[in-house]
Amino acid sequence: MTTSTEALPSAHMAKRRDSFIELNGRERAITFFDPDSWRELLGPFDRIESPWLLPQNVTPQSDDGCIVLKGKIDGISTVVISMEPAFQGGSLGEVSGAKICAALDLACRDTENGIRTNAVLLLETGGVRLTEANLGLAAVAEIIASLLSLRKVSPIVCLSAGTVGCFGGMSLVAALSSYMVMTTEGRLGLNGPEVIEQEHGVEEFDSKDRTLIWAIDGGEQRYATGLADVLVKDDVGEIRQAVRSLLKAGVPSVYRSEQVDLYRKRIAALDPAYQWNPEDLRKTWHRENTK
Amino acid sequence: MEILNFKFSAKNKGKAKGRAHVGVVGSGDLEVLLEPLDASSAQVRIRTSVPGFSEQWKAVLDRFFMKYDGAVAIEINDAGATPGVVSLRLAQAVEASEQ
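Before going into details, it helps to say that this report is about the structure given with it.

About the cut-offs
- Residues numbered from 1 in each chain as written.
- Chains lettered and ligands numbered in written order.
- Predicted model: local features only at pLDDT ≥ 70, side-chain atom pairs only at ≥ 80, totals over all residues.
- Heavy atoms only, no water.
- Helix = DSSP H or I, 4+ residues; strand = E, 2+ residues; numbered from the N terminus.
- Rg over C-alpha atoms; globule rule 2.2 N^0.38 Å.
- Buried < 20%, exposed > 50% of the residue type's maximum accessible area, 1.4 Å probe, protein only.
- Contact = heavy atoms within 4.5 Å.
- Areas by Shrake-Rupley, 256 points an atom, 1.4 Å probe, with all protein chains shown as cover.
- Lys, Arg positive; Asp, Glu negative; His and termini not counted.
- Charge placed at Lys NZ, Arg CZ, Asp CG, Glu CD.
- Buried area = accessible area lost by both parts, 1.4 Å probe.
- Salt bridge = Lys/Arg side-chain N within 4 Å of Asp/Glu carboxyl O.
- Polar contact = N/O pair within 3.5 Å; in protein donor to acceptor, adjacent residues only side chain to side chain.
- Disulfide = S-S within 2.5 Å.
- Pairing = 2+ DSSP bridges.

Focus: the overall build of chain A
Then, number 1: Within chain A, the regular secondary structure consists of 11 helices and seven strands.
Then, number 2: Taken over C-alpha atoms, the radius of gyration comes to 20 Å for chain A, in line with the 19 Å a tight globule of 291 residues would show.
Then, number 3: The buried share of chain A, reckoned over its 291 residues, is 50%.
Then, number 4: Considering only contacts in chain A between residues 6 or more positions apart, those separated by 24 or more positions represent 71%.
Then, number 5: Entry remark: accessible area of chain A is about 14,300 Å², with carbon and sulfur atoms responsible for 54%.
Then, number 6: Between the centroid of the 31 positive side chains of chain A and the centroid of its 40 negative side chains there is a distance of 6 Å.

Some remarks on the interface of chain B and chain A
Then, number 1: With 18 residues of chain B at the interface, the matching set in chain A holds 17 residues.
Then, number 2: Where chain B abuts chain A, roughly 1,400 Å² becomes buried across the two surfaces, and 57% of that area is made up of carbon and sulfur atoms.
Then, number 3: When the buried surface of chain B facing chain A is broken down by residue, B:M1, B:V24 and B:R47 rank first, second and third, together holding 38% of it.
Then, number 4: The partner of A:R47 in a salt bridge is B:E75, with the nearest N and O atoms 2.8 Å apart.
Then, number 5: On the surface where chain B and chain A come into contact, there are nine residue pairs in polar contact (both at pLDDT 80 or more).

Focus: unusual backbone geometry
Residue and element names in this part refer to chain A.
Then, number 1: In this structure, the amide linkage connecting G162 to the following residue, T163, adopts the cis form with an omega of 5°.
Then, number 2: If you trace the backbone, T163 turns up in the loop between β5 (156–160) and α5 (169–176).
Then, number 3: The backbone of D74 shows a phi angle near 55°, a positive value even though the residue is not glycine.
Then, number 4: Within the element layout of this structure, D74 appears in the loop between β2 (66–73) and β3 (76–83).
Then, number 5: You can call D74 partly exposed: its relative accessible area is 32%.

A short note on the state of the cysteines
All names here are of chain A.
Then, number 1: Counted according to the given criterion, the structure contains zero disulfides over all chains.
Then, number 2: The structure places no disulfide on C66, whose sulfur is separated from the nearest cysteine sulfur, that of C101, by 11 Å.
Then, number 3: C166 takes part in no disulfide bond, and the closest cysteine sulfur, belonging to C158, lies 7.1 Å away.
Then, number 4: The buried category is assigned to C166, whose relative accessible area is 0%.

Concerning the pairing of strand β6 (residues 179–183) of chain A
Residues and elements named next belong to chain A.
Then, number 1: For β6, the tally of buried residues reaches five of five residues, placing the bulk of the element in the interior.
Then, number 2: Along β6, one buried face is formed by Y179, V181 and T183 and the opposite face, lined by M180 and M182, is buried too.
Then, number 3: Alignment of β6 against strand β7 (residues 230–232), held across three bridges, turns out to be parallel. Across the sheet, residue M182 finds its bridge partner in β7, namely L231.

Some words on α5(A)
It helps to recall that an α-helix has 3.6 residues per turn; residues three or four apart then point in one direction.
Residues and elements named next belong to chain A.
Then, number 1: Most of α5 is tucked away: six of the eight residues are buried.
Then, number 2: Buried within α5 are the following residues: G169, M170, S171, V173, A174 and L176.
Then, number 3: Buried residues in α5 make contact with α3 (94–112), β4 (118–122), α4 (133–151), β5 and β6.

What is shown is where atoms sit, not what they do.
As structure tokens, this is what we get:
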């Protein structure tokens with residue numbers, strides 16, 4: 001046993017990657033803020049939990065799986081909204097939906113009153129919670145309305161770090177945001193692989209085939225085809241830096257969701273008789289052609 | 001779903017300096033909310049998705065309160081955690097409440 005660090009092999013001296021994915025929803029949100037600048041809104045001890053889960057024999061969580069932190073990033077007021085990936089697959093219910101909506105609305109009001117407030121959404125979510133289906137769907141509509149008001153005045157950065165990914169109604173929220181950041185472990189898609197397999201059979205989409213799924217929904221492919229703005233490693237520092245740069249860039253001049261012609265042309269360019277694979281699609285829908 | 005309530009004698013009112021929240025209601029895990037209580041007892045409420053294990057819960061809590069004498073209210077939201085995980089989360093909550 002030695003106490004001298006010099007005696008350690010050099011591999012131990014190399015900078016270790018600081019995994020973001022291994023953090024829970026609250027820990028993830030905290031990584032973005034200037035030190036000691038944040039506070040939690042409607043935290044666990046406010047006990048605003050879902051009233052719909054207990055009657056269906058599902059244990060509720062005290063924050064309904066949605067963590068809202070308000071603080072400063074590079075000195076600018078920012079709200080970070082984080083979906084807890086481990087609770088009900090990061091799903092969106094009535095309460096979590098209302099929390100997101102209210103947070104975006106307050107950010108919008110503050111910005112319009114001269115206190116510029118940005119938003120960061122950590123979307124580890126399978127979409128609407130099936131145990132609160134209709135209320136969750138209504139919540140998606142409300143979140144989108146709030147997001148469209150806020151994005152005019154402040155940048156909204158979405159992140160899919162993994163490994164749940166961002167699916168269902170919440171993928172619409174991601175697509176309408178100002179910027180989308182992904183890691184190679186992150187995923188983005190409207191219908192999740194299990195839903196497609198359930199509806200169209202395993203020969204259409206095998207939800208157990210991880211290579212296939214990540215080749216289609218994964219961060220690398222989404223970035224290569226211009227559907228994500230930044231691709232980063234699963235590293236707290238890298239992710240934080242990417243989000244900070246985008247917040248600094250401000251409101252974008254053109255939103256992805258406004259480029260209707262571009263995406264119509266993209267669909268028109270695909271011959272449905274041909275079995276497209278991810279590499280072909282990457283060439284046809286190259287991100288350079290989105291500018 | 002099962003809701004369980006337990007009470008333990010616990011005299012130490014100043015033991016927990018503040019409230020603490022640890023864990024997540026994810027598969028095999030649990031969430032613990034711990035708050036100081038102005039009483040000479042400790043209360044525990046458990047909501048678990050796995051019914052039929054009240055004896056095991058009592059055994060884990062008996063063991064915990066053999067060493068811990070803080071007058072606290074503990075709420076547990078459980079998604080099928082094993083006794084080992086429960087004990088670790090309780091210890092983590094206690095540590096967080098004493099900081």
